[in-house]
Amino acid sequence: MNPSKREFFRKFVLYAIPLLVFIIIISFFLPGSNGSNLSADAKYTYAFNIDNDLITNWHSSLFVLEGIIVKKMLSFFAISISGYKVLQLFAIFFIAITVVSAAYLFRLLFKNLYLYNAAFLLFFVSYYHNGCCRLWGLDQILMHLLLPLIAIVVLCYRSPSKRSAFFFLPFGIFILWHCCDYRKIFLISAPIILYAILMAIEKFRSLCLIKRMMWVAGSFGAFVLLLMPAVDVLFSVPKAHPITPMLVSDIKIAYLLDGKLDELYDKNLIENDNEKVDYTITSYWNGIKNGNQIDDLKEMYIHEWLNNPERMLGAKMLQIIQFYCGGGFPPVVRDVVEIFYPMVRANDKAWNIVFGMRVKEVCLRWMTVIMVLITVILSCVRIKREKLYSLFDKAYVYIGLSMLVYFSGFIIVTPTPDYRFLMPTMFAGQMLLGIRFLRWLGNRKTQKLK
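Quantities reported herein were computed from a predicted structural model and do not represent experimental measurements. (Residues numbered from 1 in each chain as written. Predicted model: local features only at pLDDT ≥ 70, side-chain atom pairs only at ≥ 80, totals over all residues. Heavy atoms only, no water.)

### Some details on the overall build of the chain
Move 1: Helix and strand content of the chain: 20 helices and two strands.
Move 2: Expected size for 450 residues packed as a compact globule is a radius of gyration near 22 Å; at 24 Å, the chain falls within 12% of this value.
Move 3: For the chain, the spread of C-alpha atoms along the three principal axes comes to 85 × 60 × 45 Å.
Move 4: By the burial criterion, 48% of the 450 residues in the chain qualify as buried.
Move 5: Put simply, of all contacts in the chain between residues at least 6 apart along the chain, 72% involve residues at least 24 apart.
Move 6: A gap of 20 Å separates the mean positions of the 47 positive and 30 negative side-chain charges of the chain. (Helix = DSSP H or I, 4+ residues; strand = E, 2+ residues; numbered from the N terminus. Rg over C-alpha atoms; globule rule 2.2 N^0.38 Å. Buried < 20%, exposed > 50% of the residue type's maximum accessible area, 1.4 Å probe, protein only. Contact = heavy atoms within 4.5 Å. Lys, Arg positive; Asp, Glu negative; His and termini not counted. Charge placed at Lys NZ, Arg CZ, Asp CG, Glu CD.)

Following this line, the structure appears as structure tokens:
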């Protein structure tokens, strides 16, 4: 064998080993064809909807539609599979594109084999630690789209010709569409990603800042008005109201602050199947009892804000605090609330933790966000000072800002303090910090050799 070919084959094998090891390990955490290792939503809603050709906009209508399409395409070839099996196939596909994207990005970032392997190790640690292997649902799927999205944008910048750059652009928009449909809050990060994608076009880079912003605003408007509602409009998807539980939680906590929760229950508004949540200041998936309409809830919600704005603002602030603190409350928050609302002090269940995270996990969450914010600022300073900055710094700023904006977006619409909502943020943030550390090690080693 030619020595150059032998060397190429040797390098190919060495770089492929961590990729294959990762795939083998993750294969043990795939969703089962019997519904195992699936979240409650995936097991009882997504799989059921795929089996019954039922699409609603309570969860991602695009995800369910694609599941139905896959099932029907296989049935055309006389292959009959269940909704569980479709979800398993989706998991295999998303793992594959994630691992391939990771291999491409790590190979691009690290010419040193040891650093490349270290990057894959950090990848797996962050991947596993953030629950990406357990109870697959839409948040896990969203996490698996982040690296492919980054890889596509990088390909746009590194394309040897304008034609190939334009070839990759639709793929970037396509993946971004899926990210936003799987988790609507991702829309607030979309303008940053659209800007990053458009910056790969030379003509766009030559425009002044105002014209760039106009292009981004127009592109984002078209994205929101045309792509986002496409599935619901084309397939006449029945309209649901996924925000209902969050509105109910606001009202419930507000009534609880004044010790009037029984009065709210007497109004036949709240439906709760978890007794542990009764009389606790906890954001939970409460619903509306049978016979009540969403219009009744909206009317009541507006009425409460108009007549008791301070109490509703307090309830909203408590929801936000418990969400970002993993379900718990700092002692100082409890003391302040009990001073302003004495009825809470008399409620021995008020501060019961329903969604609990360990203190070290909450600290890690905030440490990740703070460190990403600091390093993004450092990258911005470097870009401003140096004319010949690396693509890495530019990509780091885009990804870091997208992550921080996504993290902050739950202030607007605050769900239960379940770890899964911030899982994509934590995964992306920890990967960014890990890669930055390895890059620093690589640069330091290079300088020593010189």
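Moving on from the coordinates now.
### Examining the environment of lysine 43
Move 1: Relative to the helices and strands, lysine 43 is located in helix H2 (residues 40-51).
Move 2: Judged by its relative accessible area of 26%, lysine 43 is partly exposed.
Move 3: For the pair lysine 43 and leucine 135, spaced 92 residues apart in sequence, the C-alpha separation works out to 9.4 Å.
Move 4: When residues no more than four places from it in sequence are discounted, the contact partners of lysine 43 are Gly35, Leu38, Phe48 and Tyr84.

### Some words on helix H18 (residues 359-385)
Move 1: Given a rise of 1.5 Å per residue, 27 residues ought to cover 39 Å, and the 39 Å separating the end C-alpha atoms of H18 matches this to within 8%.
Move 2: Every buried residue of H18 is listed here: Val362, Arg365, Thr368, Val369, Val372, Thr375, Val376 and Ser379. (Expected span 1.5 Å × (residues − 1).)

### Points about the side chain of serine 39
Move 1: For serine 39, the location among the structural elements is in the loop between helix H1 (3-27) and H2.
Move 2: For serine 39, a relative accessible area of 16% translates into the label buried.
Move 3: Excluding residues that lie within four positions of it along the chain, serine 39 makes contacts with Leu135, Trp136 and Gly137.

### Considering the nonpolar core
Move 1: Ranked by size, the top nonpolar core spans 103 residues in total, and within it Phe106, Phe120, Phe123, Tyr127, Leu176 and Phe186 carry the most contacts.
Move 2: Per element, the largest residue contribution to this core is 13 residues, and it comes from helix H6 (residues 138-158).
Move 3: In this view, phenylalanine 123 contacts Phe22, Thr98, Ala102, Phe106, Leu147, Phe427 and Met431; residues no more than four positions away in its chain are not counted.
Move 4: Listed in part, the 29 residues of the second largest apolar core include Tyr265, Ile281, Val344 and Trp351. (Core = buried A, V, L, I, M, F, W, Y, C linked by side-chain atoms within 4.5 Å.)

### Notes on the packing of aromatic side chains
Move 1: Enumeration over the complete set of coordinates arrives at 38 aromatic pairs.
Move 2: When the centroid spacing of 5.5 Å and the interplanar angle of 70 degrees are considered together, the rings of phenylalanine 93 and phenylalanine 94 count as edge-to-face.
Move 3: Residue class for phenylalanine 93 comes out partly exposed when judged on its relative accessible area of 48%.
Move 4: Taken together, Phe22, Phe29, Phe106, Tyr116, Phe120, Phe123, Phe124, Tyr127, Tyr128 and Phe427 form an aromatic cluster joined through their ring pairs.
Move 5: Note that arginine 436 overlies the ring of tyrosine 396, its terminal NZ or CZ placed 4.6 Å from the centroid.
Move 6: Positioned over the ring face of phenylalanine 392 is arginine 439, at 4.4 Å from the centre of the ring. (Phe/Tyr/Trp six-rings, centres within 6.5 Å; stacked < 30°, edge-to-face > 60°. Lys NZ or Arg CZ within 6 Å of the ring centre and 35° of its normal.)

### A few points about the packing of helix H14 (residues 294-307) against helix H15 (residues 309-324)
Move 1: Packing of H14 against H15 brings their axes to within 5 Å, and their N-to-C directions diverge by 115 degrees. It follows from the interaxial angle that H14 and H15 lie roughly perpendicular. For the pair H14 and H15, the contacting residues are Tyr301, Glu304, Trp305, Leu306 and Asn307 in the first and Pro309, Arg311, Met312 and Leu313 in the second.
Move 2: Residues belonging to the contact of H14 with H15 are distributed by class as follows: six nonpolar, one polar and two charged. (Axes fitted to C-alpha atoms, helices over the stretch in contact; angles between N-to-C directions. Parallel < 35°, antiparallel > 145°, perpendicular 65-115°, else oblique. Nonpolar A, V, L, I, M, F, W, Y, C, P; charged D, E, K, R; others polar.)

### Comments concerning the pattern of salt bridges
Move 1: Applying the stated rule across the entire model yields eight salt bridges.
Move 2: A salt bridge links glutamate 361 to arginine 358; the nearest nitrogen and oxygen atoms lie 3.1 Å apart.
Move 3: Close ionic contact of aspartate 393 with arginine 382 constitutes a salt bridge, the shortest N to O distance being 3.4 Å. Here aspartate 393, found in helix H19 (residues 391-409), pairs with arginine 382, found in helix H18; they are eleven residues apart in sequence, far enough to count as distant. (Salt bridge = Lys/Arg side-chain N within 4 Å of Asp/Glu carboxyl O.)

### Here we look at a nonpolar patch on the surface
Move 1: Where nonpolar side chains cluster on the molecular surface, the patch consists of Trp366, Met367, Ile370, Met371, Ile374 and Leu378 and spans about 560 Å² of accessible area.
Move 2: Within the secondary structure, tryptophan 366 is located in helix H18. (Patch = residues over 30% accessible without salt bridge, like charges linked within 9 Å, V, L, I, M, F, W, Y side chains within 5 Å. Areas by Shrake-Rupley, 256 points an atom, 1.4 Å probe, with all protein chains shown as cover.)

### A closer look at the environment of serine 379
Move 1: Along the chain, serine 379 falls in helix H18.
Move 2: For serine 379, a relative accessible area of 0% translates into the label buried.
Move 3: Considered as a pair, serine 379 and lysine 349 are 30 residues apart in the sequence and their alpha carbons are 47 Å apart.
Move 4: Each residue touching serine 379, except ones within four places of it in the same chain, is listed here: Asp393, Tyr396, Val397 and Arg436.

### Observations regarding empty space enclosed by the protein
Move 1: Here the structure, examined in full by the defined rule, presents three cavities of 30 Å³ or more.
Move 2: In this structure, the largest cavity spans a volume of roughly 360 Å³.
Move 3: Forming the walls of the largest cavity are 23 residues, and the residues nearest its centre are Ile150, Ile193, Tyr398, Ile399 and Ser402.
Move 4: Of the pockets and cavities examined, the second largest cavity occupies roughly 70 Å³.
Move 5: In this structure, the second largest cavity is lined by Pro31, Leu38, Ala42, Tyr46, Phe63, Leu87, Phe90, Ala91, Trp136, Gly137, Leu138 and Ile141.
Move 6: Where the lining of the second largest cavity is concerned, the elements lending two or more residues are H2, helix H4 (83-109) and H6.
Move 7: When the residues that make up the lining of the second largest cavity are grouped by side-chain class, the tally is eleven nonpolar, one polar and no charged. (1 Å grid on protein atoms, 1.4 Å probe; cavity = no way out; pocket = protein on both sides within 12 Å on 5 of 7 lines; lining within 4 Å. Points joined across faces, edges and corners; volume = space filled by probe spheres on them.)

### A short note on a positive patch on the surface
Move 1: Together, Lys11, Arg107, Lys111 and Arg158 give the surface a local cluster of positive charge.
Move 2: Looking at where arginine 158 falls in the secondary structure, it is placed in helix H6.
Move 3: On the basis of relative accessibility, which here comes to 48%, the residue arginine 158 falls in the partly exposed class.

### Comments concerning helix H8 (residues 190-198)
Move 1: The buried fraction of H8 is high, at eight of nine residues.
Move 2: When H8 is considered as a whole, its buried residues turn out to be Ala190, Ile192, Ile193, Leu194, Tyr195, Ala196, Ile197 and Leu198.

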